[in-house]
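Letter by letter, the chains look like this.
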Amino acid sequence: MAANTQQALDFQLYINGEWTPARSGETFDVFNPANGERVARVAKAGSSDVDAAIAAARQTFDSGVWSRRTPQERAAVLNQFARKIVENAQELGYLEVISSGATIRRVSSMDIMGSAFVMQQSAGFALEYCYVNHLGPGIGAPSNNQVWREPLGVVAAITPWNFPMILAMWKLAPALAMGNSVVVKPATYTPLSTLKLAQLATEAGIPPGVFNVVAGPGASIGEALVKDPRVDKVAFTGSTEVGQRIMELASGTVKRVTLELGGKSPAIVLPDADLELTIPGLLYGFCLHTGQVCQSGTRILVHDSMYDQVLEGMSQMAAKIKIGNTLDPSTGMGPLVSNQQLDTVLGYIQSGLDEGARLVYGGKRITDSGLDKGHYVEPTIFADVRNDMKIAQEEIFGPVASVIRYSSVEEAIEIANDTIYGLAAGVWSCDVNQALKISRELKAGTVWINDWHAIRPDAPFGGYKQSGFGRELGRQSLDEYSQVKHVHVSLTPELRQRPWASSLF
Ligand code: NAD
């Protein structure tokens, strides 16, 4: 069980319904991005721990203890799991804040309720799901034909550090709803809330072995999960680079894969946009969670006629964001997750300057007293950005906006689509018909009109192009965790009535 020590929390792995130390006895430390303090020591899984987790998942799946329960029985347990999440909101929220650098203000409203809603929504979808589809009359001879939907088996879920709890739930909820067993590998910066979720799942009635968590390095235990022939599917959220590696490795055992990868989402501001709404919306688009969000609106395309006005408004609005202690409910923006991420973001800011972009706001690490031990950076706005610059093409994963000028709608659409990514896009305009027309041209899995980060559990989320494939959330997510079987029952008792009898004999 997770126990409080004087300085830091101790977490073990969660395998077969029990807290389990790593076989090697090794651990790794988790640090608070806001102040650099060590907040937890976590068991570091090795290949034998991964083996034990997969074995537990495989055994429980094959036993039918979860996979063969009725959808009604599974839905009741999942709803109980959702209640457990809400009951334990304070602890889950705390664990998320001290490891990921999220603000308590966001986690307590969006992440906790978002996680519980996803679980409830998947339980609801499971009740309505079409598990058996009866086909029409037999072709050539009477038959009964059914198409069944069955669970896949063992799912490996590999998650990133930016939204550890929510992104684990996006995979767990549909996987469990369809009867699969799961092994989750959270990112090494942020394993705490996922480990706690596994304990809550057991308390809610999910049988031991159905939901296991192994924490440790992606390159070793992540790859072990992807290569293992007992694993039927890998559900991955993370960088495009690692997604490519996973696809390659999964091909060895022809595993199903869904990939939610990076983004460089364009926000098109039309000349008729309501700037009272648009300017805070643009800031929310690229500053939520200090810009460490895959669907951040980091390329802001602004019409010539209002370019300077929008830049001025954005700078004024950026100055109003309260940056600081993540456990203070009045804080709007926290730190980046790590020193390494801080270096990456500062490196991109330097590259923007080197390539001739004009820095109009921010651009520096924040070293004010109290924040100097954390990985804080200012919201940063670049003007005069060309779409071929590095800061416009690569995912920075920090609060850095590239504001690009355009003069016609056609040009804006062309710039918006000129990227390897296609996760999200947006249009800010008072003319909804015009915005809808533009949406049809945008190559992205989600388009927001006069909004950003508006994700709901019943709407599918996923990428076009190199932002990945497969969809999380929405009714379709249950398809991603099940497979199709066709069952044909001949209704013709005599050999001579069968169409094939005359073709061979
Ligand atoms: P990452 O790709 O470095 O790591 C993601 C996970 O994969 C971690 O658990 C990591 O340990 C594991 N991993 C690393 N190497 C591995 C390997 N060789 N084999 C198997 N697993 C491996 O990503 P990150 O830095 O944790 O997260 C940031 C990235 O995630 C960004 O690119 C962001 O856009 C993306 N992201 C995408 C979405 C989405 O829904 N599209 C959501 C959140 C984050």
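Nothing here was measured: the structure is a model prediction, and the numbers come from that model.

A. Broad picture of the packing of aromatic side chains. All told, the structure shown has eight aromatic pairs when counted by the stated rule. Between F11 and W19, the aromatic rings sit 5.9 Å apart at their centres with planes inclined by 65°, giving edge-to-face as the arrangement. Given a relative accessible area of 4%, F11 falls into the buried group. Residue class for W19 comes out buried when judged on its relative accessible area of 13%. Sitting over the face of the ring of Y481, K233 holds its NZ or CZ atom 4.2 Å from the ring centroid. For the cation-ring pair, R405 lies above Y307, with the distance from its terminal atom to the ring centre recorded as 4.1 Å.

B. Fine view of the sheet that holds strand 24 (residues 482-490). Within the open sheet, the three strands sit side by side as 7-8-24. Their pairing is antiparallel. Among the strands making up the open sheet, the edge pair consists of strand 7 (132-134) and strand 24. For this sheet, the mean angle separating the axes of adjacent strands, direction not counted, is 20°. Alignment of strand 7 against strand 8 (residues 143-151), held across three bridges, turns out to be antiparallel. In the strand pairing of strand 8, V132 is matched with W148.

C. Here's a closer look at the nonpolar core. V42, F81, L176, I206, F211 and V214 are the most contacted members of the largest nonpolar core, which has 87 residues in total. Here the element with the most residues in this core is helix 5 (residues 164-177); it accounts for 10 residues. Grouped together as the second largest cluster of nonpolar side chains are 29 residues, V400, I404, A412 and A416 included.

D. Structural context of helix 8 (residues 240-250). Among the residues of helix 8, those classed as buried are T240, G243, I246, L249 and A250. Buried residues along helix 8 sit against strand 9 (154-158), helix 7 (218-227), strand 12 (233-237), strand 13 (256-260) and strand 19 (421-422).

E. Up close: the domain arrangement of the protein. We note that the domain assignment places domain 1 (14-261 + 467-486) and domain 2 (266-449) within the protein. For the pair domain 1 and domain 2, the two sides together bury roughly 2,200 Å², of which 60% comes from carbon and sulfur. The tally of links between domain 1 and domain 2 comes to zero salt bridges. There are 10 residue pairs in polar contact (both at pLDDT 80 or more) connecting domain 1 and domain 2. Secondary-structure elements contributing two or more residues to the side of domain 1 that touches domain 2 are helix 3 (89-100) and helix 4 (104-128).

F. Main features of the UniProt feature "active site" (unreviewed entry) in the protein. Taken from the UniProt record, the annotation "active site" (unreviewed entry) applies to E260. Locating E260 in the fold gives a position in strand 13. Discounting residues that sit within four places of it in the chain, E260 has contacts with F236, T237, G238, L423, F461, G462, G463, S467, G470, R471 and E472.

G. Seen up close, the UniProt feature "domain: Aldehyde dehydrogenase" (unreviewed entry) in the protein. UniProt feature "domain: Aldehyde dehydrogenase" (unreviewed entry): in the numbering of this structure it lies at residues 19-487. Strand forms 20% of residues 19-487 and helix 40%; the C-alpha atoms that close the span are 42 Å apart.

H. View of the site of the ligand. Taken together, 27 residues are adjacent to the ligand, and T159, E223, S239, L261 and E395 come closest. Residue E223 places a side-chain N or O atom 2.8 Å away from a nitrogen atom belonging to the ligand. Measuring from a nitrogen atom of the ligand, one finds a backbone N or O atom of L261 at 2.6 Å. Relative to its unbound accessible area of 850 Å², the ligand is 88% covered by the protein chains. Contributions of two or more residues to the shell around the ligand are made by helix 7, strand 12 and helix 8. Shared between two domains, the shell around the ligand holds at least three residues of each, these being domain 1 (14-261 + 467-486) and domain 2 (266-449).

I. Broad picture of the sheet that holds strand 16 (residues 358-361). Read from one edge of the open sheet, seven strands run 16-17-18-15-14-20-21, paired in mixed fashion. Bordering the open sheet on either side are strand 16 and strand 21 (446-449), each of which pairs with just one other strand. Neighbour-to-neighbour, the strand axes of the sheet open up by a mean angle of 25°, direction not taken into account. Taken strand by strand, helix 10 (residues 307-318) contacts strand 15 (299-303), strand 16, strand 17 (380-383) and strand 18 (400-406), and its axis lies near 165° from that of strand 18.

Scoring rules and cut-offs
- Residues numbered from 1 in each chain as written.
- Predicted model: local features only at pLDDT ≥ 70, side-chain atom pairs only at ≥ 80, totals over all residues.
- Heavy atoms only, no water.
- Phe/Tyr/Trp six-rings, centres within 6.5 Å; stacked < 30°, edge-to-face > 60°.
- Buried < 20%, exposed > 50% of the residue type's maximum accessible area, 1.4 Å probe, protein only.
- Lys NZ or Arg CZ within 6 Å of the ring centre and 35° of its normal.
- Pairing = 2+ DSSP bridges.
- Helix = DSSP H or I, 4+ residues; strand = E, 2+ residues; numbered from the N terminus.
- Axes fitted to C-alpha atoms, helices over the stretch in contact; angles between N-to-C directions.
- Core = buried A, V, L, I, M, F, W, Y, C linked by side-chain atoms within 4.5 Å.
- Contact = heavy atoms within 4.5 Å.
- Domains from an automatic or database assignment.
- Buried area = accessible area lost by both parts, 1.4 Å probe.
- Salt bridge = Lys/Arg side-chain N within 4 Å of Asp/Glu carboxyl O.
- Polar contact = N/O pair within 3.5 Å; in protein donor to acceptor, adjacent residues only side chain to side chain.
- UniProt positions renumbered as here; feature names shortened; annotations may be inferred.
- Near = heavy atom within 4 Å.
- Areas by Shrake-Rupley, 256 points an atom, 1.4 Å probe, with all protein chains shown as cover.

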